[in-house]
Amino acid sequence: MSCSCHDQDPLIPQIAVIKEVRVDTHDVTTFKIVDSFGKKPFEFLPGQCAMISIPPIGEAIFSITSSPTQEEYIECSIKKCGTVTDYLHELEPGSEVGVRGPYGNNFPVEDLKNKDLLFIGGGIGLAPLRSVINYVMDNREDFGVVDIVYGARTPGDLVHSNDIFDVWPKEKETAVHLTVDNVSKNWNGHVGFVPNFVKTLNFDNNKIALVCGPPIMIKYTLQALEEMGFKKEQVYTTLELKMKCGIGKCGRCNIGDKYVCKDGPVFRCDEITELPNEY
Amino acid sequence: MKKILKTKLPELWQKISTDFDLFLPIEKNKTLNFSLWKDGEKVNLDKVRTTTSSKHLVFPQTETYLKFKNQNNKLSLKAVKAIGDEYVIFGVRPCDVKSFKLLDNIFLREPVDTYYREHRDRGTIISLACTNPEDTCFCSSFGIDASSAPLGADVAAWDVGDSYIWKPQSEKGQKLMDSTKELFTDIDEKDIQNLEKEKSNIQEKLEDLPFNNIDLSKIKGTQQEIFDKEEIWNEFSERCLACGTCSYLCPTCHCYDLQDYKGNNHGEKFRCWDSCMSSDFTLMAHGNPRTTQMQRLRQRFMHKLVYYPKNHKGDYSCVGCGRCVDRCPVHIDIVKIIKKLGGENNEL
Ligand SMILES: Cc1cc2nc3c(=O)[nH]c(=O)nc-3n(C[C@H](O)[C@H](O)[C@H](O)COP(=O)(O)OP(=O)(O)OC[C@H]3O[C@@H](n4cnc5c(N)ncnc54)[C@H](O)[C@@H]3O)c2cc1C
Ligand code: SF4
Ligand code: SF4
Ligand code: FES
């Protein structure tokens, strides 16, 4: 997918403005981003990413967490974990950043039509899934039953709490199943790791599963799904590798004959088994 | 085809350099590299291998692509155009000519790298057949003919003793020859014979090269099977210094880094060559998928010999130029790796 910013080199960012900042947890903040005319910076599909830069601090890639159906802005949910992300967390509405994209492939929403969907997210991994979930909610008639399984370290680490507690559970034929790793005073829900939790929920294995989270969570969740009788062709996940160019040229995210930035980050699990185990 | 006497070369360089930046193999501090020619430079067209390749002309070692100002989180961004005048490069060996094609596969596929394309479009490439191939050359393993007129050269040239024969192969090449025609003379029957003799001389020398019999088709197995040959990868990586020399000298390595440079209240974003041999190449917030030098060395060779061919109709990402064979400080060379992967039990 190529960059939509003018007729320029795909490495050149455009100026964008942070329109709103919403603190989700102690280390995750969601940023609403518009272009310098106050409009959505570019069109994209669910699962695609944006490269955000703050010169001279640097540049990093983030999944777009808003739905493509949202016409006013894009949103990214960003975890504070290093140079660029630390700086981003200092920014206030009105601050300008560089943005380029969209990069990468997308979850195949067309192929998911009329299917029952099982979303499984871990931590900040809910970010790209939220884009698909909200897309599905905005086209609710086109899709079957939706189950959303989501886990985080503690209740305080659950992101997009408005969606998971107040919005999604009220949608028709939609259930949200939450779990946390560690017990806390204000939690009556499930406690335990996501992969085990998924197994206890006894889903039909005729659904399409979409999984995103930290590598270790993905690994065990895919195993769990396999045990539950899901075929690899029914499961989509994302891979995360270091990225710089975002367009399949700098070589950084090369794994096997694929470039995660260009051929991914979304992969159907039967494609992943053909890749060397380096993720 | 036309020919030019070697004694006329200074005049030719003068003539070309009035209209173009002229790049020639020039010797400085005992190192031969393609550099901008100025009167009085020491040109060496006899040694086949320059230390670095000609890739820096189309893919500079560092290149600014954006200038910015960032004051109180108000940004101004200005794309920097790829800079440089039209240039002519003379003396590119057939292996290096092929390397441009291999880089095109990466940089000119969608989305096109416009900087690379600019550099590429500005150049007129004149190849030169390899009168004296080196012991560490193995271009023939990649179907490259060092005696020939390589595809992709705008003009092909041969050294035939007291003169060079030039054969235009593109519009650009023809234009260049038209603009310098007073220095060239027509060729006769004798020159054709000389050219054929030169070609067969080169062929003979190529056949005698120690690495002439490298057979890549012996590398068998799936991607995963070759990846899994850990004894081989371990054996080689044990002494790899991760110095990156192999990647920087290689005409086909294209990995790069993007970095910001900060001045007082302005700055630049630039890109520069990088190497999958270095430990922070794939370092991420949640860890590094390649923590050992074995994994990193394996990546470089898997990419050249397995992944790239899978994506590019069987073309390898190596042209057998022999630079890494010559220059790796600890003699890890791609020829030994190809042989080992091909089942030979050669000495390391
Ligand atoms: C497809 C994709 C989608 C993504 N989506 C999201 C998303 O939606 N939200 C999100 O928050 N993140 C997302 N990420 C991850 C995000 O891109 C990275 O976390 C981000 O690059 C961190 O940038 P940084 O500059 O803040 O961290 P960096 O400073 O680059 O590095 C983070 C950590 O790496 C280590 N490190 C870095 N350099 C060195 C060094 N030289 N030596 C030793 N250690 C070092 C340090 O421990 C540092 O804390 C995504 C990544 C990918 C590939
Ligand atoms: S030149 Fe040799 S030692 Fe240096 S990184 Fe390459 S293989 Fe390793
Ligand atoms: S891998 Fe070595 S021999 Fe092959 S093109 Fe690169 S430098 Fe030349
Ligand atoms: S990020 Fe550069 S190749 Fe993928």
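This is a predicted model, so every value here is computed, not measured.

Caption draft 1: Region of the structure containing the overall build of chain A. Helices and strands together make up the secondary structure of chain A, namely seven helices and 15 strands. For 279 residues, the compact-globule estimate of 2.2 N^0.38 gives 19 Å, and the C-alpha radius of gyration of chain A, at 18 Å, lies within 12% of that figure. Judged by the C-alpha coordinates and their principal axes, chain A covers about 50 × 45 × 35 Å. Counting over 279 residues, chain A shows a buried share of 60%. Within chain A, contacts between residues separated by at least 24 positions form 68% of all contacts whose residues are at least 6 apart in sequence.

Caption draft 2: Layout of the pattern of salt bridges. Residues and elements named next belong to chain B. A full pass over the atoms with the stated rule returns 39 salt bridges over all chains. Among the ionic pairs, lysine 3 bridges to aspartate 191, the shortest N-O distance being 3.1 Å. Of this pair, lysine 3 sits in strand E1 (residues 2–5) while aspartate 191 sits in helix H5 (residues 189–208), placing them 188 residues apart in sequence. Assigned by exposure class, lysine 3 and aspartate 191 land together as buried. Of the charged contacts, one joins aspartate 326 and arginine 49 as a salt bridge, the two residues approaching to 3.2 Å between their closest N and O atoms. Separated by 277 residues along the polypeptide, aspartate 326 in helix H10 (residues 323–327) and arginine 49 in the loop between strand E3 (31–36) and strand E4 (62–71) bring together distant segments of the chain.

Caption draft 3: Here's a closer look at the site of ligand 1. Looking at ligand 1, there are 23 residues lining it, with A:Ile61, A:Ser77, A:Lys79, A:Thr83 and A:Thr85 nearest. At the site occupied by ligand 1, nearby residues are drawn from chains A and B. Within the backbone of A:Ile61, a nitrogen or oxygen atom sits 2.6 Å from an oxygen atom of ligand 1. In the model, an oxygen atom of ligand 1 is placed 2.5 Å from a nitrogen or oxygen of the A:Thr85 side chain.

Caption draft 4: Looking closely at helix H2 (residues 126–138) of chain A. Residues and elements named next belong to chain A. In this model, H2 (13 residues) spans 18 Å end to end at C-alpha, consistent with the 18 Å of a helix rising 1.5 Å per residue. With respect to burial, H2 is a largely interior element, 12 of its 13 residues being buried. Turning to H2, its buried residues number three or more, namely Leu126, Ala127, Pro128, Leu129, Arg130, Ser131, Val132, Ile133, Asn134, Tyr135, Val136 and Met137.

Caption draft 5: Focus on the packing of aromatic side chains. Residue and element names in this part refer to chain B. Scanning the entire structure with this criterion turns up 13 aromatic pairs over all chains. Both rings, one in tryptophan 13 and one in phenylalanine 90, keep their centres 5.4 Å apart while their planes meet at 50 degrees; by these two values the pair is tilted. Note that tryptophan 13 is positioned in helix H1 (residues 9–19) and phenylalanine 90 in strand E6 (residues 87–92), a separation of 77 residues in sequence. Measuring from centroid to centroid gives 5.0 Å for phenylalanine 59 and phenylalanine 107, while their planes differ by 50 degrees, and the two rings are tilted. You can see phenylalanine 59 sitting in the loop between E3 and E4 and its partner phenylalanine 107 sitting in helix H2 (residues 94–107), a full 48 residues away along the chain. Of the two residues examined, phenylalanine 59 and phenylalanine 107, each falls in the buried class. If you follow arginine 271 out to its NZ or CZ, it ends over the ring of tyrosine 256, 4.8 Å from the centre. Over the ring of phenylalanine 227 we find arginine 298, and its NZ or CZ is 3.5 Å from the ring centre.

Procedures and definitions
Residues numbered from 1 in each chain as written. Chains lettered and ligands numbered in written order. Predicted model: local features only at pLDDT ≥ 70, side-chain atom pairs only at ≥ 80, totals over all residues. Heavy atoms only, no water. Helix = DSSP H or I, 4+ residues; strand = E, 2+ residues; numbered from the N terminus. Rg over C-alpha atoms; globule rule 2.2 N^0.38 Å. Buried < 20%, exposed > 50% of the residue type's maximum accessible area, 1.4 Å probe, protein only. Contact = heavy atoms within 4.5 Å. Salt bridge = Lys/Arg side-chain N within 4 Å of Asp/Glu carboxyl O. Near = heavy atom within 4 Å. Polar contact = N/O pair within 3.5 Å; in protein donor to acceptor, adjacent residues only side chain to side chain. Expected span 1.5 Å × (residues − 1). Phe/Tyr/Trp six-rings, centres within 6.5 Å; stacked < 30°, edge-to-face > 60°. Lys NZ or Arg CZ within 6 Å of the ring centre and 35° of its normal.

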